[in-house]
Amino acid sequence: VVPNYGVIIILFSVLTKLLFYPLTRTSTQSMRKMQMLQPKIKELQERYKDNREKQSQAMMELYKKEKVNPMAGCLPLLLQMPVFIALYQALAHTIALRNTPFVLWINDLSQPDALFSLPFSLPFLGSEFNLLPIIMSASMWVQTKLTPTGTAGGQMAAMNTLMPVIFLFMFYQMPSGLVLYWLVNNLMTIYQTWRIHQTAPSAGGAQAA
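Residues numbered from 1 in each chain as written. Predicted model: local features only at pLDDT ≥ 70, side-chain atom pairs only at ≥ 80, totals over all residues. Heavy atoms only, no water.

1. Regarding the overall build of the chain
Phase 1: Secondary structure assignment for the chain yields eight helices and two strands.
Phase 2: Ordering the α and β elements of the chain from the N terminus gives α-α-α-α-α-β-β-α-α-α.
Phase 3: Every one of the 209 residues in the chain was classed for burial, and the buried ones make up 37%.
Phase 4: Across the chain, the fraction of contacts at a sequence separation of at least 24, relative to all contacts at a separation of at least 6, is 67%.
Phase 5: As presented, the chain carries roughly 12,400 Å² of accessible surface, and 66% of it is formed by carbon and sulfur atoms. (Helix = DSSP H or I, 4+ residues; strand = E, 2+ residues; numbered from the N terminus. Buried < 20%, exposed > 50% of the residue type's maximum accessible area, 1.4 Å probe, protein only. Contact = heavy atoms within 4.5 Å. Areas by Shrake-Rupley, 256 points an atom, 1.4 Å probe, with all protein chains shown as cover.)

Have a look at this one:
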């Protein structure tokens, strides 16, 4: 029905994000609550700074009382990893996907989308200029700006800054079809997170328009 494998990958990415939307919504709302609990968390950390065990117990009681799961932010990513691995295997080993073009400079979804060759070689990146991983990393940077930071604000902010750079190195030499999937996934996450923030209850409890 759809002759272009690039379009198929985009549709597949959109479909998976729609299927995972309830989990994404729960995760984002939980992280938003964690952000709102920061003053109480810092108060407990200060109160029990000399007693780690008591501090952990008090924070767990706070999470339970407020019905917040501090690990909820990782769940959407973890559940999508099997899909990511399966798609990687398909792109790397399925003969039908080799030499299949998408649009413009992306002429082989099973290979990196080299736009041109550099006159020098970069450590860990090579001498090919692959544009799609750079766009994907930029979308991840935007995504981190929309994502509420939970506990350990300074550490989380540093992690949000490093993640796009880490993923750039991870994805730079991967098949362009896989990078395309993750890029669309990021764009969908950006939109869904924005919508969740727009419809989230305000501080007074009223529903946003």
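2. Thoughts on the side chain of S139
Phase 1: On the secondary structure map, S139 appears in helix α6 (residues 131-146).
Phase 2: Overall, S139 belongs to the buried group, its relative accessible area being 6%.
Phase 3: When near neighbours in sequence (up to four residues on either side) are disregarded, S139 contacts L183, N186, L187 and I190.

3. Considerations on the environment of Q143
Phase 1: Note on placement: Q143 falls in helix α6.
Phase 2: In this structure, the C-alpha to C-alpha distance between Q143 and I190, residues 47 residues apart in sequence, is 5.3 Å.

4. Some words on the environment of M163
Phase 1: Turning to its location among the elements, M163 is positioned in helix α7 (residues 153-171).
Phase 2: Between the C-alpha atoms of M163 and S137, which are 26 residues apart in sequence, the distance is 8.5 Å.

5. A closer look at the confidence of the model for the chain
Phase 1: Averaged over every residue, the pLDDT of the chain is 77; the share at 70 or more is 84%.
Phase 2: When pLDDT is averaged over each helix and strand of the chain, the minimum, 73, is found for helix α5 (residues 75-93) and the maximum, 88, for α6.
Phase 3: Across residues 203-209 the pLDDT falls below 50, and counting only partners more than four positions away or on other chains, this stretch makes eight contacts in the model. (pLDDT = per-residue confidence, 0-100.)

6. What about the packing of helix α3 (residues 38-47) against helix α4 (residues 52-66)?
Phase 1: Running from N to C, α3 and α4 point in directions that differ by 160°, and their axes come no closer than 9 Å. Accordingly, the angle class assigned to the pair α3 and α4 is roughly antiparallel. You can see that α3 and α4 cross each other, and the crossing is right-handed. Here α3 contributes K40, I41, L44 and Q45 to the contact with α4, which in turn contributes Q55, A58, M59, L62, Y63 and E66. (Axes fitted to C-alpha atoms, helices over the stretch in contact; angles between N-to-C directions. Parallel < 35°, antiparallel > 145°, perpendicular 65-115°, else oblique. Left-handed = near helix turned anticlockwise from the far one by under 90°.)

7. Some remarks on the pairing of strand β2 (residues 126-130)
Phase 1: In the sheet, strand β1 (residues 114-122) pairs with β2 via four bridges, with the strands oriented antiparallel. When the bridges of β2 are listed, F116 appears paired with F129.
Phase 2: Joining the antiparallel neighbours β1 and β2 is a turn of three residues, in which F124 adopts a positive phi near 70°. (Pairing = 2+ DSSP bridges.)

8. Describing the nonpolar core
Phase 1: Membership of the largest hydrophobic core comes to 20 residues, with the highest contact counts inside it found for M136, F171 and W182.
Phase 2: Of all the elements in the fold, those that place two or more residues in this core are α5, α6, α7 and α8 (176-199).
Phase 3: Broken down by element, this core gets its largest block of residues, eight residues, from α8.
Phase 4: Formed by 10 residues, the second largest nonpolar core is a distinct cluster that contains Y48, M59, L62 and Y63. (Core = buried A, V, L, I, M, F, W, Y, C linked by side-chain atoms within 4.5 Å.)

9. Observations concerning the packing of aromatic side chains
How two aromatic rings sit relative to each other is given by the distance of their centres and the angle of their planes.
Phase 1: By the definition in use, this model includes seven aromatic pairs.
Phase 2: Between F116 and F129, the aromatic rings sit 4.8 Å apart at their centres with planes inclined by 5°, giving stacked as the arrangement. With a gap of 13 residues between them, F116 in strand β1 and F129 in strand β2 connect regions that are remote in the sequence.
Phase 3: Classification of F116 by relative accessible area gives partly exposed; the value is 42%.
Phase 4: Taking the relative accessible area as the measure of exposure, F129 reaches 23% and is therefore partly exposed. (Phe/Tyr/Trp six-rings, centres within 6.5 Å; stacked < 30°, edge-to-face > 60°.)

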